[in-house]
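This is what each chain is made of:
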Amino acid sequence: MSLASRVKSLTPSPTLEISAKAQQLKKEGYDVIGLGVGEPDFNTPNFIIEAAKLAMDEGKTKYTPSSGIPELKQAISKKLKQDNNLLYNPEEIIVTTGAKYALYTLFQVLLNKGDEVIVPAPYWVSYPEQIKLAGGEPVVVETSEASQFKLTPEQLESQITEKTKALIINSPSNPTGMMYDEKELLAIGEICLKNNIIIVSDEIYEKLIYTAEKHVSMAQLSPKLKKNTVIINGVSKSHAMTGWRIGYAAGPQDIVKAMTNFVSHATSNPTSISQYATLAAYETDTDPTLEMRTVFSDRLDTLYNMIINVPGITCDKPSGAFYLFPNVKEAVKMNGFTSTDEWVKALLEEEKVALVPGSGFGSPDNVRLSYATSKDLLIEAAERIKRFVTSHQ
Ligand SMILES: Cc1ncc(COP(=O)(O)O)c(C=O)c1O
């Protein structure tokens, strides 16, 4: 059967691919440690689950407005004020089927054929594919470890053409865990304003920060920057709610209106029950992320200290998210492999540790290790990686 040309160049998500391979080995009875996952290994807090049950009992199981139930949009507006000191009215907010679909919809309503979107690498795997699906051109800009994988103003300026429509900023970043500070964002933001470039600010890891650094949103820096920014966020990572599929976008009303029209013909609305669960998540006075943050911080210290002691592996300590993104170039060479992908494959086959090769994130000398798994398993995984590297020397 002949498929549409738009899907022919789509590459499957490398994170899901490695998870599938690890699952297969597990099924065959092998003791596999999977460090490929991109979701918290915590259950959704009970009070959120109870709110979903109540919503079902109360018959809140029907279609909702396409941009989300008004109560939830109001709660998100309040969250943006409290956490980010940003004023968005409900008409400037759309609730979506995960942050992923907020991004997908945003590119669909922003991009004409050939419009360019600047994507700093390493990047989250879905950005380039979503841009291409919308007819746009991802312009991948390689960042360096020297700048902690952050885009510099000079790099940005050198990539701007008359077709540049948008720039993606993801802070804290998946896969590197690095964060931009206010000064860095301001320098980038000013260039975007000068060139009329929309900033897509993916803030999904906002709540998972383990240093004294403060999360800063591009939209906070000036009223002009707020007008040029669309914030993407959601509850998948902050509230361990990946399966509920609730995200949102906050931005200029005309963009949000176009997104609402688009989703009204695509998904109609995000699941009603999940919206009521998310309402409870945002309305609580407690901080549901606190426990997760404490545990992740401890695991980060443990895994980081072990990984930097493996010969041929170097790594900057990340500030947020739940990934390490070490450079394994020397180890790959030392171990006699021709590529990181091969090294990752052999590590899985021999030591049964599943990592994601950096090639999928546009950074082929690195690998991504998720620490969304127990501390004991992280210690065991780091020991196996060290054994693998030293035994192949
Ligand atoms: C950087 C980044 N943005 C967006 C998403 C999508 O999150 P959601 O589960 O809300 O669709 C992810 C999930 O892995 C992510 O890592």
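Position labels on residues start from 1 in each chain and follow its written sequence. Selection of residues for local features in this predicted model requires a pLDDT of at least 70, selection of side-chain atom pairs for listing and counting requires 80 or more, and totals for whole chains, interfaces and linings are taken over all residues. Side-chain measures were taken over the full set of non-hydrogen atoms in the model, leaving aside hydrogen atoms and water.

A.B. asks: Quick rundown of the sheet that holds strand S12 (residues 367-370)? Include the residues and the values.
C.D. replies: Ordered by their spatial adjacency, 3 strands build an open sheet running S9-S12-S11, and the pairing between neighbours is antiparallel. Of all strands in the sheet, those with a lone pairing partner are strand S9 (323-324) and strand S11 (356-357), marking the two edges. The sheet contact formed by S11 and S12 spans 2 bridges and is antiparallel. Residue pairing in the sheet places valine 356 in a bridge with arginine 368 of S12. A pair of strands counts as paired when DSSP detects no fewer than two bridges linking them. Numbering of helices and strands starts at the N terminus; helices are DSSP runs of H or I of at least 4 residues and strands are runs of E of at least 2.

A.B. asks: I'd like a description of the site of the ligand, backed by residues and values.
C.D. replies: Near, as used in this document, describes a residue that has one of its heavy atoms within 4 Å of the molecule or strand being considered. Not every one of the 13 residues close to the ligand is listed here, only the nearest: Ala99, Asp202, Ser236, Lys237 and Arg245. Pairs of N or O atoms are called polar contacts if they sit within 3.5 Å, as long as, within protein, a hydrogen donor faces a hydrogen acceptor (for residues adjacent in sequence, only side-chain-to-side-chain pairs). Here an oxygen atom of the ligand sits 2.7 Å away from a polar atom, N or O, in the side chain of lysine 237. Throughout, the Shrake-Rupley method with a 1.4 Å probe supplies accessible areas, and for residues the shown protein chains are the sole cover considered. For the ligand, whose unbound accessible area comes to 400 Å², protein coverage reaches 93%. Here the shell around the ligand takes 3 residues from helix H5 (residues 98-110), the largest share from any one element. Classes in brief: Ala, Val, Leu, Ile, Met, Phe, Trp, Tyr, Cys and Pro nonpolar; Asp, Glu, Lys and Arg charged; the others, Gly included, polar. Residue composition of the shell around the ligand, by class: 5 nonpolar, 4 polar and 4 charged.

A.B. asks: Which residues make up helix H3 (residues 46-57), and what are the values?
C.D. replies: To estimate the expected span of a helix, count its residues, drop one, and scale the result by 1.5 Å. Here H3 spans 16 Å end to end across 12 residues, near enough to the 16 Å set by a 1.5 Å rise per residue. Residues of H3 that are buried: Ile48, Ala51, Ala52 and Ala55. Down the axis of H3, the smallest arc covering the buried residues is 100°, so these residues share one side. Residues Asn46 and Asp57 are exposed on H3 and point more than 90 degrees away from its buried face. Buried residues in H3 make contact with helix H11 (272-283). Of the residues flanking the end of H3, it is glycine 59, one or two places downstream, whose phi is positive at about 80°. Buried residues are those whose accessible area, probed at 1.4 Å on protein chains only, stays under 20% of the maximum for their type, while exposed residues exceed 50% and partly exposed ones sit between those limits. The arc in question is traced by the directions running from the helix axis to the C-beta atoms. We call two residues contacting when some pair of their heavy atoms lies within 4.5 Å.

A.B. asks: So, the side chain of serine 272: which residues are in play, and what are the values?
C.D. replies: By the element assignment, serine 272 lies in helix H11. With sequence-adjacent residues up to four places away left out, serine 272 is seen in contact with Lys60, Thr61, Lys62 and Thr64.

A.B. asks: Provide a residue-level description of the pattern of salt bridges, including the pertinent values.
C.D. replies: For salt bridges, the criterion is a side-chain nitrogen of Lys or Arg within 4 Å of an Asp or Glu carboxyl oxygen. Under the definition given, this model contains 17 salt bridges. Between arginine 299 and aspartate 41 there is a salt bridge; the shortest N-O distance is 2.9 Å. Placement of the pair is arginine 299 in helix H12 (residues 290-307) and aspartate 41 in the loop between strand S1 (33-34) and H3, with a sequence separation of 258 residues. Of the charged contacts, one joins lysine 333 and glutamate 330 as a salt bridge, the two residues approaching to 3.6 Å between their closest N and O atoms. With lysine 333 and glutamate 330 both in helix H13 (residues 329-334) and 3 residues apart, this pair spans about one turn of that helix. Assessed through its relative accessible area of 42%, glutamate 330 is described here as partly exposed. Put simply, Lys79, Asp83, Glu206 and Lys207 are held in one network by salt bridges that share partners.

A.B. asks: Provide a residue-level description of the sheet that holds strand S5 (residues 164-170), including the pertinent values.
C.D. replies: Think of a sheet as strands paired side by side through backbone hydrogen bonds, with each pair either parallel or antiparallel. Taken in spatial order, the 7 strands make up an open sheet running S2-S8-S7-S6-S5-S3-S4, and their pairing is mixed. Taken across any chain shown, the strands that pair with only one partner, and hence form the sheet edges, are strand S2 (93-96) and strand S4 (137-142). Across the sheet, the axes of successive neighbouring strands diverge by a mean angle of 20°, strand direction being ignored. Note that strand S6 (residues 198-202) and strand S7 (residues 229-234) share 4 bridges and pair parallel. By the bridge assignment for S7, serine 201 is matched with isoleucine 231. Lines are fitted to the C-alpha atoms to define the axes, a helix being fitted only along its stretch in contact, and any angle between axes, read from their N-to-C directions, falls within 0 to 180 degrees. Relative to S7, H5 is tilted by about 155°, and along the sheet it contacts S2, strand S3 (116-121), S5, S6, S7 and strand S8 (247-250).

A.B. asks: Got a sec to walk through helix H14 (residues 340-351)? Specific residues and values, please.
C.D. replies: Taking 1.5 Å per residue, 12 residues should reach 16 Å; H14 reaches 16 Å between its end C-alpha atoms and fits that length. Among the residues making up H14, those that are buried are Thr340, Trp343, Val344, Ala346, Leu347, Leu348 and Glu351. Trailing H14 by a residue or two, lysine 352 shows a phi angle of about 60°, which is positive.

A.B. asks: Outline the pairing of S7, supporting the account with residue identities and numerical values.
C.D. replies: Buried residues dominate S7, accounting for 6 of its 6 residues. Side chains Thr229, Ile231 and Asn233 of S7 all project onto a buried face; the interleaved residues Val230, Ile232 and Gly234 project onto the opposite face, where all are buried too. Alignment of S7 against S8, held across 4 bridges, turns out to be antiparallel. Counterpart to asparagine 233 in the pairing with S8 is tyrosine 248.

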